[in-house]
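Architecture at a glance
In case you want the letters, here they are:
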Amino acid sequence: MLKKVIKFFRDCTIFAIVLSISFSNVPFYSLTKALDSYIASKNIVDRTWHLSQDENVVDKFASFRNMLEKVRVYEAQAAISFVGSNKASGTNAAYNLSLTALTGGIASSPTEGDIVVAVNAIANVADGNPGVGTAGYAELVDIYRSDTYDNNLSVSYKVMGVTPDTVVSCNPSSGGTIASDCVVMVFRGVDTGTPIDVTTTTATAGNSEDVNCPAITPVTSGAIVLCAGGAGGLSVDQATPTEPAGYSGSTFIQTDPGNSGAAVASYKLWAGGAEDPAAYVMDLGTASANSWNAATLALRPLPPPDTTPPTPTQMTFLTAPANDSTTQISMTADTATDADTPPVEYFFTLDNTNCGANAGTGGTSSAWQAGTGYGDSGLTANKCYGYTVKARDSAG
C-alpha cells in the first residue's frame, strides 16, 4: 500500500513539473538562445544590417527583373517568324502574284525588313527562263531538268524596303498550253545583311515528280530551312502534294493547261546538324515521263542586339577639364573600345551641379563625336564649370 502511495505522489510531481515548464518561458528562452547562437555564428545580423544600409537594393532587384525581361525580348527578336504565303499561275504571259493577301502566317502583307522568297516553276519542253520580273530580287537557283515533261526552277529573294512591294511579277512559259506556277513565302526576323546562312543546295531528277530537296547544314542557331521545288508532268492526278515530315507552311500550286506543272515550298526550324528533307509525295501523271527540280536554302536570323557597352563602362578623363584661357576649358576622355559594334563615339556633358553659386553661364555640351577631345569656349572668367563624359558604340 505504501508503495502505491509513493508512486502516486511521484507521478503527480512529474506531471506538475511538466505542466509548469509547458506554461512558462523556459522553452521560449531555450529556443531563443539556440537561435541567437546560430545567428551569431553565421553573421546574419551584420549581413542584414549591411543590406539595410544599401539604399540601392530595390533598384538592383528591379534592374535584375528588367534584365530578364530584356533577355526575353532579345530572344523574341532573334527568332524568325513566318509572315505568310501566296500562290499564282499563268502560261505564256507574265502574271502578278499578290503580296497583300498572304495567308497562314502572322500578317497579310510584308513590312520593311521582311524577306520574300519567290519560287517559279515552268513546265517548258526546253530550258527556259524561270524567275521573277520584279526589280531587286537576287536569284539563288536557276536549274533545268529534261524528260518527256521538262521542268525549270528559279528561287529568288528580296528584302523589302521602306515601301514594300505589293506584287511579284512571275515569268511566263513558252506557250499557252505550258504551265508556269509561282509561290512566295515571306519571313520576318531574317538578317537583312546576310539573309542566306550557307550556300543553297540543289537536286534534279527524271522519271519522277516527287520533289526531293537535298540536305543542307546551316551554321547559325535559329536558322530556317526552306524546301522549294517544281515538277513537270502529263496531268495533275493528286489534289494535294504531301510535304516532308516536320515541315510547316506548305504552299503549293498545280496547274494543267496541257503540260502540267507544280511549284511547292515549306519550311522548318533548323534543329542542328545536317537537315535532309524527305521527298514530297506528288502525282503528275506517268512518273516515268516526269521530272523535278529542288532547292534547299537556309535563312539566317537577326543577331541578338548588342547589350555590351564600350570599355571602360564608367568613362573617365585622360586629361581632366582645365583652362586653356580665361574663356575656354579643354578636356580629353580615356579612349573607349568595343570589339563587337565599333566605332565608339564620345559625348561631353556640361554639368554645373556641384558649382553652387559660382556656376558660370555660356557653356555647352558637345554633340556625339568620334574624337576623344573637347573644348568648350565662350565661358565667363573666374566662374565654375563642370563636365562629364560618356561613350557609345554603333549599336547605341
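Up top is the structure these notes are about.
So, how was this worked out
Residues numbered from 1 in each chain as written. Predicted model: local features only at pLDDT ≥ 70, side-chain atom pairs only at ≥ 80, totals over all residues. Heavy atoms only, no water. Disulfide = S-S within 2.5 Å. Helix = DSSP H or I, 4+ residues; strand = E, 2+ residues; numbered from the N terminus. Salt bridge = Lys/Arg side-chain N within 4 Å of Asp/Glu carboxyl O. Buried < 20%, exposed > 50% of the residue type's maximum accessible area, 1.4 Å probe, protein only. Pairing = 2+ DSSP bridges. Axes fitted to C-alpha atoms, helices over the stretch in contact; angles between N-to-C directions.

**A closer look at the state of the cysteines**
Evaluation of the coordinates by the stated rule reveals three disulfides. Disulfide pairing is shown between Cys 170 and Cys 182; the S-S distance is 2.2 Å. An S-S torsion of about -85° defines the bridge between Cys 170 and Cys 182 as left-handed. Separated by twelve residues along the polypeptide, Cys 170 in strand β6 (residues 167-170) and Cys 182 in strand β7 (residues 180-188) bring together distant segments of the chain. Between the sulfur of Cys 355 and that of Cys 384 lies a disulfide, 2.0 Å long from S to S. Since a negative S-S torsion denotes a left-handed disulfide, the Cys 355-Cys 384 link at about -65° is left-handed. With a gap of 29 residues between them, Cys 355 in the loop between β15 (345-350) and β16 (373-376) and Cys 384 in the loop between β16 and β17 (387-392) connect regions that are remote in the sequence. Regarding the disulfides, the protein carries the connectivity 1-2, 3-4, 5-6 under sequence-order numbering of its bonded cysteines.

**Section: the pattern of salt bridges**
Per the stated rule, a full pass over the model turns up five salt bridges. For Arg 300, the salt bridge is made with Asp 197, and the minimal N-O distance between the two is 2.6 Å. On the criterion of sequence distance, the pair formed by Arg 300 in the loop between β12 (291-299) and β13 (317-325) and Asp 197 in the loop between β7 and β8 (201-206) is long-range, its members being 103 residues apart. Looking at Asp 197, the relative accessible area reads 6%, which means it is buried.

**With respect to the sheet that holds β16**
What the three strands build is an open sheet, ordered β13-β14-β16; its pairing is antiparallel. The two strands at the open ends of the sheet, each matched to only one other strand, are β13 and β16. Within the sheet, the average angular offset between the axes of one strand and its neighbour, ignoring direction, is 15°. In the sheet, strand β14 (residues 328-333) pairs with β16 via four bridges, with the strands oriented antiparallel. Its bridge partner being in β16, Ile 329 is matched across the sheet by Asp 376.

So far we have only geometry, and geometry alone does not tell us how the molecule works.
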